[in-house]
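Close look at the chain arrangement
Each chain, letter by letter, is given below.
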Amino acid sequence: MTEPTTRREVRLAAHFPGVNHHTVWSHPDAGSNIDFASFRHLAQTAERGLFDFFFLAEGLRLRERKGLIHDLDVVGRPDTIPVLAALAAVTERLGLIGTINATFNEPDQLAKEFASLDLLSDGRAGWNVVTSSDAFTGENFRRGGYLDAADRYVRAADLVAAARQLWDSWDDDPIDPFGKALLREGAVRDFSRTSEQFDIAGTFGTPRPAQGHPVILQAGDSADGRDFGARTADAIFARWWETPEKRRESFADFKRRAASFGRGPDELLIFPGVSFALGDTEQEARENDREIRRGQITPQTAIALLEHVWNRDLSGYDPDGPLPAIEPDRSEKAIVKGQSRRNDAPDLADRYRAIAAEKNLSIRELIIEVQASRTFVGTPKTVARALADAVDNGEADGYILVPHLIPAGLDEFVDSVVPELQDLGVYRTEYPGETLRENLGLRPAGAQPVADPASHRVAS
Ligand SMILES: Cc1cc2nc3c(=O)[nH]c(=O)nc-3n(C[C@H](O)[C@H](O)[C@H](O)COP(=O)(O)O)c2cc1C
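The residue count restarts for each chain, going from 1 along the sequence in the order it is written. Note on the predicted model: pLDDT of at least 70 is required for a residue's local features to be given, and 80 or more for side-chain atom pairs to be given and counted; whole-chain, interface and lining totals, by contrast, use all residues. The side-chain values count all of the structure's non-hydrogen atoms but skip hydrogen atoms and water molecules.

1. A few points about the sheet that holds strand S3 (residues 64-65)
Sheet architecture is open: three strands sit in the order S4-S3-S13, paired in antiparallel fashion. In this open sheet, the two strands that pair with only one neighbour each are strand S4 (68-69) and strand S13 (336-337). When DSSP finds at least two bridges between two strands, those strands are taken to pair. Secondary structure follows DSSP: runs of H or I at least 4 residues long count as helices, runs of E at least 2 residues long count as strands, and numbering of each begins at the N terminus.

2. Some details on the site of the ligand
For the ligand, the set of nearby residues contains 16 residues, the closest of which are Glu-58, Val-130, Tyr-153, Asp-221 and Ser-222. We call two N or O atoms a polar contact when they sit within 3.5 Å, provided that within protein one can donate a hydrogen and the other can accept it, with sequence-adjacent residues counted only if both atoms are side-chain atoms. The separation between a nitrogen atom of the ligand and a polar main-chain atom of Glu-58 is 2.8 Å. Between Thr-131 and the ligand, the recorded distance is 3.3 Å, taken from a side-chain N or O atom to an oxygen atom. Within the shell around the ligand, the residues separate by chemical class into six nonpolar, seven polar and three charged. For this purpose, a residue is taken to be near a molecule or strand whenever a single non-hydrogen atom of the residue falls within 4 Å of it. Amino acids outside the nonpolar list (Ala, Val, Leu, Ile, Met, Phe, Trp, Tyr, Cys, Pro) and the charged list (Asp, Glu, Lys, Arg) are all regarded as polar, and Gly is one of them.

3. Thoughts on the sheet that holds strand S9 (residues 215-218)
Across a sheet, paired strands are connected by hydrogen bonds in the backbone, their directions being either parallel or antiparallel. Spatially, the eight strands close up into a barrel ordered S1-S2-S5-S6-S9-S10-S11-S15, and their pairing is parallel. Within this sheet the neighbouring strands show an average axis-to-axis angle of 30°, counted without direction. The pairing of strand S11 (residues 269-274) with strand S15 (residues 398-401) spans two bridges and is classified as parallel. Each bridged residue has a counterpart across the sheet, and for Val-274 the counterpart in S15 is Leu-401. Contact between two residues is taken to exist if any of their heavy atoms lie within 4.5 Å; hydrogens are not considered. Angles shown run from 0 to 180 degrees and are taken between the N-to-C directions of axes, each axis being a line fitted to C-alpha atoms and, for helices, limited to the stretch in contact. Each of strand S6 (125-130), S9 and strand S10 (235-238) touches helix H6 (residues 223-232); the most contacted strand, S9, lies at about 165° to it.

4. A word on the environment of Phe-16
The residue Phe-16 is located in strand S1 (residues 11-16) in this model. For the pair Phe-16 and Glu-358, spaced 342 residues apart in sequence, the C-alpha to C-alpha distance is 36 Å. With sequence-adjacent residues up to four places away left out, Phe-16 is seen in contact with Asn-33, Ser-38, Phe-39, Leu-42, Phe-54, Phe-55, Leu-56, Arg-77 and Ile-406.

5. Observations regarding the domain arrangement of the protein chain
Each domain's extent was defined by an automatic or database domain assignment. Taken domain by domain, the protein chain holds domain 1 (11-279 + 379-440) and domain 2 (285-371). At the interface, 19 residues of domain 1 touch 21 residues of domain 2. Summing both partners gives a buried area of about 1,700 Å² for domain 1 against domain 2, and 57% of it is carried by carbon and sulfur. The salt bridge criterion pairs a side-chain nitrogen of Lys or Arg with a carboxyl oxygen of Asp or Glu, the two atoms within 4 Å. Linking domain 1 to domain 2 there are three salt bridges. Among the salt bridges present, the one from Lys-66 reaches Asp-313, with a minimum N-O distance of 3.2 Å. Joining domain 1 to domain 2, the criterion identifies seven residue pairs in polar contact (both at pLDDT 80 or more). Sorting the residues of the side of domain 1 that touches domain 2 by element identifies S3, helix H4 (135-138) and strand S12 (276-278) as the ones contributing at least two each. The leading source of residues in the side of domain 1 that touches domain 2 is S12, at three residues. Classifying every residue of the side of domain 1 that touches domain 2 by side-chain character gives six nonpolar, eight polar and five charged. When two parts are put together, the accessible area they lose, computed with a 1.4 Å probe and summed over both, is reported as buried area.

6. Describing the pattern of salt bridges
Across all of its chains, the model carries 37 salt bridges by this definition. One salt bridge connects Arg-7 with Asp-392, and the closest N-O pair in it is separated by 2.8 Å. Of the two residues, Arg-7 sits in the segment before S1 while Asp-392 sits in helix H12 (residues 380-392), which places them 385 residues apart along the sequence. Each residue is placed in one exposure class: buried if its accessible area under a 1.4 Å probe, protein chains only, is under 20% of its type's maximum, exposed if it is over 50%, and partly exposed if it falls in between. By relative accessible area, Arg-7 is classed as buried at 16%.

7. What to know about a nonpolar patch on the surface
Residues Leu-62, Ile-69 and Val-75 make up a contiguous nonpolar surface patch of about 230 Å² in total accessible area. Residue Val-75 is classed as partly exposed on the basis of its relative accessible area, which comes to 35%. Each patch is built from residues lacking any salt bridge and having more than 30% relative accessible area; the joining distance is 9 Å for like charges and 5 Å for nonpolar side chains (Val, Leu, Ile, Met, Phe, Trp, Tyr). Only the protein chains shown count as cover for residues, and the accessible areas themselves come from Shrake-Rupley with a 1.4 Å probe.

8. Here we look at the UniProt feature "binding site: FMN" (unreviewed entry) in the protein chain
UniProt positions are given in the numbering used here, feature names are shortened, and annotations may be inferred rather than shown by experiment. In the numbering used here, UniProt assigns the "binding site: FMN" (unreviewed entry) feature to Thr-99, Tyr-153 and Ser-222. Overall, the relative accessible area of 12% leaves Tyr-153 in the buried class. Contact partners of Tyr-153, with chain neighbours within four places excluded, come to Thr-131, Gln-218, Ala-219, Gly-220, Ser-222, Asp-224, Gly-225 and Phe-228. With respect to the helices and strands, Ser-222 occurs in the loop between S9 and H6.

Here it is, written out as C-alpha coordinates:
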(Lines give C-alpha, C1' and ligand atoms only; values in the text may rest on other atoms or scores of the structure.)
Protein backbone atom coordinates (compact mmCIF):
# COMPACT_ATOMS: atom_id res chain seq x y z
CA MET A 1 0.00 0.00 0.00
CA THR A 2 1.34 3.46 -0.87
CA GLU A 3 1.65 5.84 2.03
CA PRO A 4 0.02 9.24 1.56
CA THR A 5 2.73 11.89 1.12
CA THR A 6 1.38 14.24 3.74
CA ARG A 7 -0.51 12.97 6.70
CA ARG A 8 -2.69 15.02 8.99
CA GLU A 9 -1.25 15.94 12.35
CA VAL A 10 -2.45 13.90 15.33
CA ARG A 11 -3.38 15.77 18.53
CA LEU A 12 -3.50 14.25 22.00
CA ALA A 13 -5.08 15.19 25.30
CA ALA A 14 -5.27 13.48 28.69
CA HIS A 15 -8.47 12.68 30.58
CA PHE A 16 -8.11 12.23 34.32
CA PRO A 17 -10.67 9.48 34.89
CA GLY A 18 -13.54 10.37 37.16
CA VAL A 19 -16.92 8.94 37.92
CA ASN A 20 -17.00 5.84 35.77
CA HIS A 21 -16.08 2.19 35.77
CA HIS A 22 -13.11 2.67 33.44
CA THR A 23 -10.56 3.04 36.23
CA VAL A 24 -9.30 -0.24 37.64
CA TRP A 25 -9.16 0.40 41.37
CA SER A 26 -8.16 -3.15 42.25
CA HIS A 27 -4.91 -2.87 40.27
CA PRO A 28 -1.81 -3.07 42.53
CA ASP A 29 -0.48 0.20 41.02
CA ALA A 30 -3.77 2.10 41.41
CA GLY A 31 -3.33 5.34 43.35
CA SER A 32 -5.51 8.00 44.92
CA ASN A 33 -8.12 10.02 43.07
CA ILE A 34 -7.80 12.80 45.64
CA ASP A 35 -4.07 13.29 46.29
CA PHE A 36 -2.58 16.13 44.32
CA ALA A 37 0.35 13.83 43.50
CA SER A 38 -1.96 11.80 41.22
CA PHE A 39 -3.12 14.84 39.26
CA ARG A 40 0.45 16.09 39.01
CA HIS A 41 1.79 12.77 37.77
CA LEU A 42 -0.79 12.42 35.01
CA ALA A 43 -0.46 16.08 33.95
CA GLN A 44 3.33 16.01 33.90
CA THR A 45 3.28 12.78 31.90
CA ALA A 46 0.91 14.39 29.40
CA GLU A 47 3.21 17.40 29.13
CA ARG A 48 6.22 15.12 28.64
CA GLY A 49 4.22 13.64 25.74
CA LEU A 50 3.57 17.16 24.34
CA PHE A 51 -0.21 16.75 24.75
CA ASP A 52 -2.42 19.73 23.99
CA PHE A 53 -4.30 19.58 27.27
CA PHE A 54 -5.22 17.87 30.50
CA PHE A 55 -8.98 17.39 30.87
CA LEU A 56 -11.29 17.04 33.86
CA ALA A 57 -14.88 15.88 33.41
CA GLU A 58 -17.44 16.81 36.05
CA GLY A 59 -19.99 15.01 38.18
CA LEU A 60 -22.07 17.54 40.08
CA ARG A 61 -23.85 15.22 42.46
CA LEU A 62 -22.93 11.81 43.79
CA ARG A 63 -24.60 9.17 41.67
CA GLU A 64 -27.22 6.90 43.24
CA ARG A 65 -28.44 3.44 42.51
CA LYS A 66 -31.61 2.17 44.11
CA GLY A 67 -31.55 5.15 46.46
CA LEU A 68 -27.98 4.53 47.71
CA ILE A 69 -24.73 6.23 46.77
CA HIS A 70 -23.18 4.32 43.87
CA ASP A 71 -19.82 3.42 45.38
CA LEU A 72 -18.60 0.80 42.94
CA ASP A 73 -16.76 3.62 41.15
CA VAL A 74 -14.91 6.68 42.42
CA VAL A 75 -17.02 8.77 44.77
CA GLY A 76 -16.11 12.43 45.07
CA ARG A 77 -13.08 14.40 44.00
CA PRO A 78 -11.55 17.84 44.66
CA ASP A 79 -13.19 20.66 42.74
CA THR A 80 -12.12 21.35 39.16
CA ILE A 81 -10.81 24.94 39.20
CA PRO A 82 -8.55 24.56 42.29
CA VAL A 83 -7.10 21.34 40.85
CA LEU A 84 -6.35 23.01 37.52
CA ALA A 85 -4.92 26.10 39.25
CA ALA A 86 -2.60 23.88 41.29
CA LEU A 87 -1.55 22.07 38.10
CA ALA A 88 -0.73 25.41 36.48
CA ALA A 89 2.11 25.72 38.98
CA VAL A 90 3.69 22.36 38.09
CA THR A 91 3.31 22.45 34.29
CA GLU A 92 4.43 24.99 31.69
CA ARG A 93 2.85 24.33 28.31
CA LEU A 94 0.00 21.91 28.94
CA GLY A 95 -3.53 23.26 28.47
CA LEU A 96 -5.83 22.90 31.47
CA ILE A 97 -9.46 22.25 30.60
CA GLY A 98 -12.26 21.88 33.13
CA THR A 99 -15.83 20.77 32.58
CA ILE A 100 -18.24 23.23 34.18
CA ASN A 101 -22.00 23.09 33.88
CA ALA A 102 -23.84 25.88 32.08
CA THR A 103 -27.24 25.25 33.68
CA PHE A 104 -26.43 26.02 37.30
CA ASN A 105 -23.67 28.62 37.23
CA GLU A 106 -23.64 32.40 36.88
CA PRO A 107 -21.65 34.41 34.31
CA ASP A 108 -19.69 36.63 36.70
CA GLN A 109 -18.45 33.74 38.83
CA LEU A 110 -17.52 31.53 35.88
CA ALA A 111 -15.91 34.29 33.84
CA LYS A 112 -13.85 35.23 36.90
CA GLU A 113 -12.70 31.66 37.55
CA PHE A 114 -11.63 30.95 33.99
CA ALA A 115 -10.04 34.38 33.55
CA SER A 116 -8.07 33.76 36.75
CA LEU A 117 -7.00 30.30 35.63
CA ASP A 118 -5.95 31.73 32.29
CA LEU A 119 -3.94 34.52 33.93
CA LEU A 120 -2.30 32.22 36.48
CA SER A 121 -1.34 29.69 33.78
CA ASP A 122 -0.16 32.28 31.22
CA GLY A 123 -2.89 31.41 28.73
CA ARG A 124 -3.56 27.71 29.14
CA ALA A 125 -7.17 27.62 30.40
CA GLY A 126 -10.14 25.96 28.73
CA TRP A 127 -13.79 25.44 29.64
CA ASN A 128 -15.75 22.36 28.55
CA VAL A 129 -19.35 23.56 28.56
CA VAL A 130 -21.95 20.92 29.47
CA THR A 131 -25.63 21.30 30.26
CA SER A 132 -26.35 18.17 32.38
CA SER A 133 -28.91 15.56 31.54
CA ASP A 134 -31.03 15.18 34.66
CA ALA A 135 -33.09 17.14 37.13
CA PHE A 136 -31.73 14.97 39.95
CA THR A 137 -28.39 16.80 39.65
CA GLY A 138 -30.26 20.12 39.66
CA GLU A 139 -31.68 19.43 43.11
CA ASN A 140 -28.23 20.23 44.52
CA PHE A 141 -28.72 23.82 43.32
CA ARG A 142 -31.16 26.51 44.26
CA ARG A 143 -31.95 28.34 41.07
CA GLY A 144 -35.52 27.13 41.44
CA GLY A 145 -36.18 24.32 39.05
CA TYR A 146 -34.54 22.48 36.24
CA LEU A 147 -34.59 23.58 32.61
CA ASP A 148 -36.21 21.76 29.70
CA ALA A 149 -33.72 20.20 27.28
CA ALA A 150 -34.29 22.93 24.66
CA ASP A 151 -33.74 25.74 27.18
CA ARG A 152 -30.51 24.28 28.49
CA TYR A 153 -28.66 25.16 25.31
CA VAL A 154 -30.31 28.59 25.15
CA ARG A 155 -28.89 29.24 28.59
CA ALA A 156 -25.51 27.71 27.68
CA ALA A 157 -25.20 29.99 24.63
CA ASP A 158 -26.25 33.00 26.68
CA LEU A 159 -23.81 32.08 29.46
CA VAL A 160 -20.81 31.70 27.14
CA ALA A 161 -21.73 34.94 25.34
CA ALA A 162 -22.03 36.68 28.73
CA ALA A 163 -18.65 35.34 29.86
CA ARG A 164 -17.06 36.57 26.62
CA GLN A 165 -18.73 39.92 27.11
CA LEU A 166 -17.20 40.19 30.60
CA TRP A 167 -13.76 39.13 29.36
CA ASP A 168 -14.00 41.71 26.57
CA SER A 169 -14.96 44.48 28.99
CA TRP A 170 -11.24 44.86 29.81
CA ASP A 171 -8.63 45.93 27.29
CA ASP A 172 -5.62 43.66 26.87
CA ASP A 173 -3.34 46.32 28.25
CA PRO A 174 -5.40 48.51 30.56
CA ILE A 175 -2.62 50.41 32.32
CA ASP A 176 -1.94 54.03 31.43
CA PRO A 177 1.77 54.11 30.41
CA PHE A 178 2.11 57.58 31.95
CA GLY A 179 -0.16 56.97 34.90
CA LYS A 180 2.05 54.61 36.89
CA ALA A 181 -0.31 51.66 37.40
CA LEU A 182 -3.45 53.71 36.92
CA LEU A 183 -6.05 52.44 34.50
CA ARG A 184 -6.14 54.09 31.11
CA GLU A 185 -9.40 55.90 30.60
CA GLY A 186 -11.95 53.58 29.00
CA ALA A 187 -9.76 50.51 29.41
CA VAL A 188 -12.33 48.84 31.70
CA ARG A 189 -15.89 49.29 30.51
CA ASP A 190 -19.19 48.78 32.25
CA PHE A 191 -21.17 45.78 31.10
CA SER A 192 -24.85 45.17 31.03
CA ARG A 193 -26.85 42.27 29.75
CA THR A 194 -30.56 41.72 29.79
CA SER A 195 -31.79 38.47 28.32
CA GLU A 196 -34.21 35.69 29.15
CA GLN A 197 -31.59 34.15 31.43
CA PHE A 198 -29.68 37.07 32.86
CA ASP A 199 -30.19 40.61 34.05
CA ILE A 200 -26.73 41.74 35.05
CA ALA A 201 -24.83 45.01 34.97
CA GLY A 202 -21.69 46.45 36.51
CA THR A 203 -17.95 46.22 36.07
CA PHE A 204 -16.07 42.97 35.89
CA GLY A 205 -13.43 42.49 38.59
CA THR A 206 -10.81 40.37 36.83
CA PRO A 207 -8.40 41.55 34.13
CA ARG A 208 -8.77 40.17 30.62
CA PRO A 209 -7.61 36.54 30.32
CA ALA A 210 -4.17 35.97 28.83
CA GLN A 211 -5.71 34.27 25.76
CA GLY A 212 -8.37 36.93 25.40
CA HIS A 213 -10.93 34.16 25.72
CA PRO A 214 -10.09 30.80 27.28
CA VAL A 215 -10.59 27.92 24.85
CA ILE A 216 -14.18 26.60 24.80
CA LEU A 217 -15.00 22.91 24.46
CA GLN A 218 -18.47 21.38 24.29
CA ALA A 219 -19.78 17.89 25.13
CA GLY A 220 -23.37 16.93 24.33
CA ASP A 221 -24.61 15.09 21.31
CA SER A 222 -28.20 16.11 20.57
CA ALA A 223 -28.89 18.26 17.48
CA ASP A 224 -29.17 21.33 19.74
CA GLY A 225 -25.97 20.35 21.51
CA ARG A 226 -24.11 19.94 18.23
CA ASP A 227 -25.39 23.26 16.92
CA PHE A 228 -24.38 25.01 20.10
CA GLY A 229 -20.91 23.49 19.89
CA ALA A 230 -20.50 24.18 16.18
CA ARG A 231 -21.45 27.80 16.66
CA THR A 232 -19.71 28.56 19.93
CA ALA A 233 -16.93 26.14 20.80
CA ASP A 234 -13.33 25.79 19.65
CA ALA A 235 -13.40 22.01 20.07
CA ILE A 236 -15.80 19.16 20.79
CA PHE A 237 -15.34 16.35 23.30
CA ALA A 238 -17.06 13.79 21.10
CA ARG A 239 -18.23 10.22 21.34
CA TRP A 240 -16.17 7.53 19.62
CA TRP A 241 -18.83 5.74 17.55
CA GLU A 242 -18.69 1.99 16.92
CA THR A 243 -17.81 2.02 13.21
CA PRO A 244 -15.49 4.16 11.02
CA GLU A 245 -18.54 5.12 8.89
CA LYS A 246 -20.43 6.48 11.89
CA ARG A 247 -17.33 8.31 13.10
CA ARG A 248 -16.77 9.92 9.72
CA GLU A 249 -20.42 10.90 9.52
CA SER A 250 -20.37 12.43 13.02
CA PHE A 251 -17.11 14.28 12.31
CA ALA A 252 -18.44 15.61 8.98
CA ASP A 253 -21.70 16.61 10.62
CA PHE A 254 -19.89 18.79 13.19
CA LYS A 255 -17.80 20.42 10.45
CA ARG A 256 -20.89 20.99 8.28
CA ARG A 257 -22.69 22.65 11.15
CA ALA A 258 -19.62 24.82 11.83
CA ALA A 259 -19.56 25.84 8.15
CA SER A 260 -23.23 26.82 8.36
CA PHE A 261 -22.18 29.35 11.01
CA GLY A 262 -19.45 30.70 8.75
CA ARG A 263 -16.64 28.84 10.45
CA GLY A 264 -13.77 26.96 8.80
CA PRO A 265 -12.96 23.27 9.45
CA ASP A 266 -9.93 24.14 11.58
CA GLU A 267 -11.96 26.42 13.84
CA LEU A 268 -13.82 23.48 15.39
CA LEU A 269 -11.60 20.55 16.39
CA ILE A 270 -13.12 17.15 17.08
CA PHE A 271 -11.61 15.20 19.99
CA PRO A 272 -13.30 11.84 20.71
CA GLY A 273 -12.59 10.15 24.05
CA VAL A 274 -10.71 6.89 23.45
CA SER A 275 -8.93 4.19 25.44
CA PHE A 276 -6.05 1.87 24.63
CA ALA A 277 -4.26 -1.35 25.60
CA LEU A 278 -0.65 -1.95 24.64
CA GLY A 279 1.64 -4.99 24.41
CA ASP A 280 4.94 -6.04 22.87
CA THR A 281 3.02 -8.27 20.49
CA GLU A 282 -0.55 -8.10 19.17
CA GLN A 283 -1.42 -11.14 21.24
CA GLU A 284 0.02 -9.67 24.43
CA ALA A 285 -1.94 -6.46 23.81
CA ARG A 286 -5.16 -8.46 23.41
CA GLU A 287 -4.43 -10.30 26.65
CA ASN A 288 -3.74 -7.00 28.42
CA ASP A 289 -6.99 -5.66 27.02
CA ARG A 290 -8.87 -8.66 28.37
CA GLU A 291 -7.20 -8.25 31.76
CA ILE A 292 -8.12 -4.55 31.92
CA ARG A 293 -11.72 -5.30 30.99
CA ARG A 294 -12.04 -7.92 33.70
CA GLY A 295 -10.63 -5.40 36.20
CA GLN A 296 -13.15 -2.79 35.07
CA ILE A 297 -16.17 -5.06 35.04
CA THR A 298 -16.27 -6.70 38.46
CA PRO A 299 -19.25 -9.02 39.11
CA GLN A 300 -21.04 -6.20 40.96
CA THR A 301 -20.27 -3.67 38.23
CA ALA A 302 -21.63 -6.08 35.61
CA ILE A 303 -24.98 -6.21 37.44
CA ALA A 304 -24.97 -2.42 37.98
CA LEU A 305 -24.38 -1.76 34.27
CA LEU A 306 -27.08 -4.23 33.29
CA GLU A 307 -29.50 -2.53 35.71
CA HIS A 308 -28.82 0.73 33.90
CA VAL A 309 -30.06 -0.80 30.64
CA TRP A 310 -32.91 -2.86 32.12
CA ASN A 311 -33.88 -0.06 34.55
CA ARG A 312 -34.70 -2.76 37.12
CA ASP A 313 -33.27 -4.15 40.33
CA LEU A 314 -31.28 -7.17 39.12
CA SER A 315 -29.38 -7.81 42.36
CA GLY A 316 -30.91 -11.30 42.56
CA TYR A 317 -29.25 -12.36 39.33
CA ASP A 318 -25.99 -14.30 39.17
CA PRO A 319 -23.32 -12.34 37.24
CA ASP A 320 -22.00 -15.66 35.98
CA GLY A 321 -25.47 -16.77 34.88
CA PRO A 322 -27.66 -15.95 31.87
CA LEU A 323 -29.27 -12.59 31.06
CA PRO A 324 -32.65 -11.83 32.68
CA ALA A 325 -35.67 -13.16 30.79
CA ILE A 326 -37.74 -10.28 32.23
CA GLU A 327 -38.34 -7.25 29.95
CA PRO A 328 -36.68 -3.87 30.67
CA ASP A 329 -38.77 -1.31 32.57
CA ARG A 330 -39.59 1.39 30.06
CA SER A 331 -41.13 3.83 32.53
CA GLU A 332 -39.69 7.28 33.20
CA LYS A 333 -38.67 6.47 36.77
CA ALA A 334 -34.96 5.73 36.61
CA ILE A 335 -33.21 3.23 38.88
CA VAL A 336 -29.87 5.01 38.34
CA LYS A 337 -29.68 8.70 39.18
CA GLY A 338 -27.00 11.17 38.16
CA GLN A 339 -26.05 9.36 34.96
CA SER A 340 -27.80 10.00 31.68
CA ARG A 341 -30.15 7.22 30.70
CA ARG A 342 -29.64 5.88 27.20
CA ASN A 343 -32.81 6.45 25.26
CA ASP A 344 -32.05 3.37 23.19
CA ALA A 345 -32.00 1.19 26.35
CA PRO A 346 -34.88 -1.21 25.45
CA ASP A 347 -33.40 -1.85 21.98
CA LEU A 348 -30.04 -2.30 23.62
CA ALA A 349 -31.49 -5.04 25.81
CA ASP A 350 -32.54 -6.92 22.65
CA ARG A 351 -29.08 -6.47 21.19
CA TYR A 352 -27.47 -7.73 24.40
CA ARG A 353 -29.68 -10.81 24.32
CA ALA A 354 -28.77 -11.54 20.71
CA ILE A 355 -25.02 -11.22 21.39
CA ALA A 356 -25.23 -13.34 24.57
CA ALA A 357 -27.19 -16.05 22.72
CA GLU A 358 -24.84 -16.06 19.74
CA LYS A 359 -21.65 -16.24 21.79
CA ASN A 360 -23.05 -18.12 24.79
CA LEU A 361 -22.08 -15.42 27.30
CA SER A 362 -22.95 -14.94 30.97
CA ILE A 363 -24.05 -11.51 32.25
CA ARG A 364 -20.50 -10.51 33.18
CA GLU A 365 -18.97 -11.89 29.99
CA LEU A 366 -21.57 -10.03 27.96
CA ILE A 367 -20.92 -6.72 29.73
CA ILE A 368 -17.17 -7.21 29.30
CA GLU A 369 -17.82 -7.86 25.62
CA VAL A 370 -20.05 -4.85 24.94
CA GLN A 371 -19.18 -2.19 27.48
CA ALA A 372 -15.51 -1.93 28.08
CA SER A 373 -13.77 -2.43 24.80
CA ARG A 374 -10.43 -0.64 24.48
CA THR A 375 -10.57 1.55 21.42
CA PHE A 376 -6.98 0.98 20.31
CA VAL A 377 -5.35 -2.37 21.06
CA GLY A 378 -1.94 -3.37 19.73
CA THR A 379 1.78 -2.75 19.83
CA PRO A 380 2.98 0.87 20.08
CA LYS A 381 3.65 0.78 16.34
CA THR A 382 0.23 -0.52 15.28
CA VAL A 383 -1.60 1.74 17.74
CA ALA A 384 0.31 4.79 16.46
CA ARG A 385 -0.57 3.84 12.90
CA ALA A 386 -4.25 3.31 13.76
CA LEU A 387 -4.42 6.69 15.52
CA ALA A 388 -2.84 8.39 12.50
CA ASP A 389 -5.09 6.52 10.04
CA ALA A 390 -8.29 7.52 11.81
CA VAL A 391 -7.24 11.18 11.70
CA ASP A 392 -6.39 10.82 7.99
CA ASN A 393 -9.75 9.15 7.36
CA GLY A 394 -11.67 12.09 8.80
CA GLU A 395 -12.78 10.39 12.01
CA ALA A 396 -11.11 12.82 14.43
CA ASP A 397 -8.75 15.78 14.72
CA GLY A 398 -7.22 14.32 17.85
CA TYR A 399 -7.98 12.16 20.86
CA ILE A 400 -8.73 12.60 24.53
CA LEU A 401 -7.05 9.52 25.98
CA VAL A 402 -8.82 7.89 28.91
CA PRO A 403 -6.33 5.72 30.83
CA HIS A 404 -7.55 2.82 32.96
CA LEU A 405 -5.10 3.50 35.75
CA ILE A 406 -4.41 6.46 38.04
CA PRO A 407 -1.83 7.96 38.16
CA ALA A 408 0.51 6.03 35.83
CA GLY A 409 -1.98 5.13 33.09
CA LEU A 410 -0.31 7.29 30.41
CA ASP A 411 3.33 6.46 31.18
CA GLU A 412 3.68 3.58 28.74
CA PHE A 413 1.73 5.40 26.02
CA VAL A 414 3.93 8.49 26.23
CA ASP A 415 7.12 6.44 26.33
CA SER A 416 6.24 4.10 23.46
CA VAL A 417 3.39 5.37 21.24
CA VAL A 418 4.38 9.05 21.11
CA PRO A 419 7.83 8.26 19.59
CA GLU A 420 6.12 6.04 17.00
CA LEU A 421 3.76 8.88 16.09
CA GLN A 422 6.77 11.17 15.77
CA ASP A 423 8.49 8.62 13.52
CA LEU A 424 5.41 8.62 11.33
CA GLY A 425 5.81 12.38 11.04
CA VAL A 426 2.32 13.07 12.39
CA TYR A 427 3.18 14.33 15.86
CA ARG A 428 5.02 17.37 17.17
CA THR A 429 8.50 17.16 18.67
CA GLU A 430 8.07 20.34 20.66
CA TYR A 431 5.22 22.64 21.61
CA PRO A 432 4.68 25.12 18.77
CA GLY A 433 3.35 27.88 21.02
CA GLU A 434 3.01 29.19 24.53
CA THR A 435 -0.75 29.28 25.00
CA LEU A 436 -3.35 26.55 24.59
CA ARG A 437 -4.92 28.51 21.74
CA GLU A 438 -1.57 28.67 19.93
CA ASN A 439 -0.86 24.99 20.48
CA LEU A 440 -4.29 24.04 19.14
CA GLY A 441 -3.68 26.23 16.09
CA LEU A 442 -6.68 28.41 16.94
CA ARG A 443 -7.00 32.05 16.04
CA PRO A 444 -6.34 34.55 18.83
CA ALA A 445 -9.54 35.74 20.50
CA GLY A 446 -9.52 39.45 19.77
CA ALA A 447 -11.21 42.16 21.78
CA GLN A 448 -13.48 42.93 18.87
CA PRO A 449 -17.20 42.99 19.66
CA VAL A 450 -18.73 39.54 19.91
CA ALA A 451 -21.99 38.82 18.09
CA ASP A 452 -24.40 37.86 20.81
CA PRO A 453 -26.53 34.84 19.86
CA ALA A 454 -28.91 35.23 22.78
CA SER A 455 -30.18 38.71 22.13
CA HIS A 456 -28.88 39.48 18.63
CA ARG A 457 -27.30 42.56 20.07
CA VAL A 458 -23.60 43.30 19.80
CA ALA A 459 -22.05 42.89 23.22
CA SER A 460 -19.75 45.37 24.98
C1 LIG B 1 -18.44 12.76 25.22
C2 LIG B 1 -19.32 13.41 26.25
C3 LIG B 1 -18.79 13.75 27.49
C4 LIG B 1 -19.58 14.34 28.49
N5 LIG B 1 -19.03 14.69 29.70
C6 LIG B 1 -19.81 15.25 30.66
C7 LIG B 1 -19.29 15.62 31.95
O8 LIG B 1 -18.12 15.44 32.24
N9 LIG B 1 -20.12 16.15 32.87
C10 LIG B 1 -21.45 16.36 32.60
O11 LIG B 1 -22.15 16.87 33.47
N12 LIG B 1 -21.97 16.02 31.41
C13 LIG B 1 -21.20 15.48 30.45
N14 LIG B 1 -21.74 15.15 29.24
C15 LIG B 1 -23.20 15.32 29.09
C16 LIG B 1 -23.60 16.51 28.27
O17 LIG B 1 -23.15 17.66 28.85
C18 LIG B 1 -25.09 16.69 28.16
O19 LIG B 1 -25.60 17.15 29.35
C20 LIG B 1 -25.84 15.48 27.84
O21 LIG B 1 -25.17 14.74 26.86
C22 LIG B 1 -27.22 15.92 27.35
O23 LIG B 1 -27.09 16.79 26.28
P24 LIG B 1 -27.38 16.31 24.82
O25 LIG B 1 -28.83 15.98 24.85
O26 LIG B 1 -27.04 17.44 23.93
O27 LIG B 1 -26.51 15.11 24.55
C28 LIG B 1 -20.95 14.58 28.23
C29 LIG B 1 -21.48 14.23 26.97
C30 LIG B 1 -20.69 13.65 25.99
C31 LIG B 1 -21.31 13.30 24.66
